[in-house]
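Each chain, written out:
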Amino acid sequence: MLDHAMPKGPTMTRTFLHSALLALLLALSPLAAHPALAGDCSGAASQVAAQTGGQVLSVSAKSQGGGTVCQVTVLIPGNGNERPKKKTVTVRE
């Protein structure tokens, strides 16, 4: 029987490293001019990556309804021979 639990070992380490790298890139990006946006979206990206077990592909902050939302796109590994899936999650502030 195959174990389809959350990835462990090297895969989890890669996910963490990708999230840390994303946080660093966001801190150095133009979003850094707006510290609230950079911090909020960095946290949102880490949260979505951890919840989905996916690799963060992109993050963007947008104003919506007088507030800010972060759109996080992740690549989620497939099970067995399945192809990976791309998923975009919107996190409301």
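What counts as what
Residues numbered from 1 in each chain as written. Predicted model: local features only at pLDDT ≥ 70, side-chain atom pairs only at ≥ 80, totals over all residues. Heavy atoms only, no water. Helix = DSSP H or I, 4+ residues; strand = E, 2+ residues; numbered from the N terminus. Contact = heavy atoms within 4.5 Å. Disulfide = S-S within 2.5 Å. Buried < 20%, exposed > 50% of the residue type's maximum accessible area, 1.4 Å probe, protein only. Pairing = 2+ DSSP bridges. Axes fitted to C-alpha atoms, helices over the stretch in contact; angles between N-to-C directions. pLDDT = per-residue confidence, 0-100. Salt bridge = Lys/Arg side-chain N within 4 Å of Asp/Glu carboxyl O.

## A look at the overall build of the chain
In terms of regular secondary structure, the chain is built from two helices and three strands. Counting helices and strands in the order they occur from the N terminus, the chain gives α-α-β-β-β. Sequence-distant contacts, at least 24 apart, represent 30% of the contacts inside the chain between residues at least 6 apart.

## Describing the state of the cysteines
Applying the stated criterion across every chain, the model contains one disulfide. Two residues share a disulfide in this structure: Cys-41 and Cys-70, whose sulfurs sit 2.2 Å from each other. Its torsion about the S-S bond being -90 degrees, the disulfide of Cys-41 and Cys-70 is classed as left-handed. Here Cys-70 lies in strand β2 (residues 67–76) and Cys-41 lies in helix α2 (residues 35–52), a separation of 29 residues in the sequence. Note on Cys-41: relative accessible area 0%, which makes it buried. A relative accessible area of 0% places Cys-70 in the buried class.

## Quick look at the sheet that holds β2
Strand-to-strand pairing in sheets goes through backbone hydrogen bonds, with the strands running parallel or antiparallel. With antiparallel pairing, three strands are arranged side by side in an open sheet as β1-β2-β3. Bordering the open sheet on either side are β1 (55–64) and β3 (85–92), each of which pairs with just one other strand. Strand-to-strand twist in this sheet, taken as the mean axis angle between neighbours without regard to direction, amounts to 20 degrees. Summarising the sheet, β1 and β2 pair through nine bridges and their orientation is antiparallel. Within β2, the position partnered with Ala-61 by the bridge is Cys-70.

## Here we look at the confidence of the model for the chain
Low-pLDDT stretches of the model should not have their predicted coordinates read in fine detail. Scored by pLDDT, the chain has a mean of 78; 67% of the residues are at 70 or more. Per-element confidence in the chain ranges from a low mean pLDDT of 68 for helix α1 (residues 10–28) to a high of 95 for β3. In the model, residues 31–39 has pLDDT below 50 throughout and makes 10 contacts with residues more than four positions away in sequence or in other chains.

## Things to note about the pattern of salt bridges
One pass over the structure, following the stated rule, counts one salt bridge. Glu-82 is paired through a salt bridge with Lys-85; the nearest N and O atoms lie 3.9 Å apart. Overall, the relative accessible area of 44% leaves Glu-82 in the partly exposed class.

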